[in-house]
Amino acid sequence: MVFSMEYQSTRDSAVRVSSAQAITQGISREGGLFVPESLPVLSPEDYRSLAKKSYVERADAVLSRFLTDFTGEEIASCTRAAYTSDRFGSADVAPLHSLDDRTHILELWHGPTCAFKDMALQILPHLMRVSAGKTADGKEIVILVATSGDTGKAALEGFRDAPHTRILVFYPEQGVSPMQKLQMITQEGANVAVCAIRGNFDDAQSGVKRIFTDPAVARKLETQGMMFSSANSINWGRLVPQVVYYVSAYCDLLASGRLREGQGFHVVVPTGNFGNILAAYYAKQMGVPVSRLICASNRNRVLADFLQTGVYDRRREFYATSSPSMDILISSNLERLLYHLSGRDDAVVRDLMARLSADGVYTVSDAVKKRLQEDFTGGWCDEEQTASTISSVWREHRYLCDTHTAVAVHVCEEYRRRTGDGTPCVIASTANPYKFSSSVASALGADVAALDEFQKVEELHRLTGCPVPEPLAAIQGKAPRFTEVCGREDMEQMVYRLLHIAE
Ligand SMILES: *Cc1c(COP(=O)(O)O)cnc(C)c1O
């Protein structure tokens, strides 16, 4: 008998759907997030054999355990369409760069938009196509996205001109880097639209979630033969491809002898919406010997505080930092972790999420806090430390990292200083430094304030000799296509306008 994995909602355990349904729907109707009913475990022999295999084969092995209603051929067609050397620069889709024998940088930004979001968003359109074929009965899928900068571009690039699909992206007008904005507003494709909102990422994300879960909006789309789905990390189809690169990192470390079989290592992740680090948690449950999950925040340190105290309190000042993709106070994927740590108790999750939305704060039970701290450590990094880390890593290792990666490197160094723990660390590197040229060049001591974005790129190249990624260089000279701005209350109307539906 073939085992079939079902997915439950974090806010109603009685809801059970297939993986195809979880992916096309994106979010459960009552607002909960889909999680697998159990987590598959790979054996030491599985890892030994995967260590000899390519990234796509490792992806096949992981995805097939979770997407049990997909055939092997369907999964292989998705992984092979997504992770081409053409798009990722080589067959080594997520290479490890070792700074020394216990500090390994997992480079997740070799895809077409130069941020780790490509790891999931290059394959999600294919998973969505197969899923929709199983469940969407011919409806046109409207992907609605809220972005803190990188998801928007990666989703646009992934879904552009995908059949029976449209994609609408909302980004915070003042909350993304100039390069991130240019990448989005120059996006090509006949089925895409982009709109800025007056507000921050949390406003964009709350607005999108509200539209998603409003039954009246769903009915209106239905009359047009459309349905919503999500490309944000609330969608299970975003998370499962991210589990793959942690499995792959362990396999690479084994294959090269940098790690012994079963030897523990810490994973350090620069965190915003908690998707990337949650994928590492799932990899750990699958048998990858991750010791601690070290969650790195920027000055918006709501998660670092939560991991220390068990109190999640978003009632605090919001800072626009040099690592804008982590400027988030409501980390949506934490909900999934709370569900797991509370023993899949949907009542606990409903209560905590209701408190968060009513009061902006919640406190987890002592039991949940204890389990949380068994696996996770939090840390954070201010603006000055981010810049000095970029500069010291460059000086000491001739390795150029972006602002988000620098946050993680700093938190890793801090953790080692504080604990004396010499366990090897895999640090997730989430963006190419040229996406944040201004901050990175300034960190190296350049005065770039008077330069335009492409002159900053030039200057950073002159300083470091690091290659400028072709997709970023190609933006220069492209005309902006999308210049709309709307208030956060007007997002629903904007959706209708962009879809050409009467209100
Ligand atoms: C999205 C993003 C993050 C945060 O990832 P989460 O999965 O939201 O925690 C960190 N760095 C970069 C560059 C990103 O684009």
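Residues numbered from 1 in each chain as written. Predicted model: local features only at pLDDT ≥ 70, side-chain atom pairs only at ≥ 80, totals over all residues. Heavy atoms only, no water.

Asks: Just to check I follow, could you spell out the packing of helix H15 (residues 334-341) against helix H16 (residues 346-359) for this structure?
Replies: A pair of packed helices is captured by two measures, namely the crossing angle of their axes and the spacing between those axes. Axis separation between H15 and H16 bottoms out at 8 Å; the angle between their running directions is 140°. Relative to H16, H15 is oriented so that their crossing is right-handed. For the pair H15 and H16, contact is made by Glu335, Leu338 and Tyr339 and by Asp346, Val349, Leu352 and Met353, respectively. (Axes fitted to C-alpha atoms, helices over the stretch in contact; angles between N-to-C directions. Helix = DSSP H or I, 4+ residues; strand = E, 2+ residues; numbered from the N terminus. Left-handed = near helix turned anticlockwise from the far one by under 90°. Contact = heavy atoms within 4.5 Å.)

Asks: Looking at this model, I keep getting lost on the pattern of salt bridges. Mind explaining?
Replies: Should their charged atoms come close, side chains of opposite charge can pair. The tally for this structure, following the rule as stated, stands at 27 salt bridges. The partner of Arg80 in a salt bridge is Asp60, and the shortest N-O contact between them spans 2.8 Å. Note that Arg80 is positioned in helix H4 (residues 72-82) and Asp60 in helix H3 (residues 55-66), a separation of 20 residues in sequence. Using a relative accessible area of 40% as the deciding quantity, one classes Arg80 as partly exposed. Ionic pairing is found between Asp351 and Arg355, a salt bridge with its closest N-O pair at 3.1 Å. In this pair, Asp351 and Arg355 both sit in helix H16, four residues apart, roughly one turn of the helix. By relative accessible area, which is 36% here, Asp351 ends up partly exposed. Bridged by salt links that share partners, the residues Glu6, Arg16 and Glu37 form one connected network. (Salt bridge = Lys/Arg side-chain N within 4 Å of Asp/Glu carboxyl O. Buried < 20%, exposed > 50% of the residue type's maximum accessible area, 1.4 Å probe, protein only.)

Asks: What is the right way to read the sheet that holds strand E9 (residues 226-230) from this model?
Replies: By way of backbone hydrogen bonds, the strands of a sheet pair with one another, either parallel or antiparallel. Sheet architecture is open: five strands sit in the order E9-E6-E7-E8-E16, paired in parallel fashion. The outermost strands of the open sheet, each flanked by one partner alone, are E9 and strand E16 (485-487). When the angles between neighbouring strand axes are averaged without regard to direction, this sheet yields 30°. Where strand E6 (residues 140-146) lies against E9, five bridges are found, and the strand directions are parallel. Bridge pairing in E9 places Ile141 opposite Met227. Contacts between helix H11 (residues 215-223) and the sheet are confined to E6 and E9, with E9 contributing the most and set at about 125° to the helix. (Pairing = 2+ DSSP bridges.)

Spatial relationships are all this shows, so hold off on functional conclusions.
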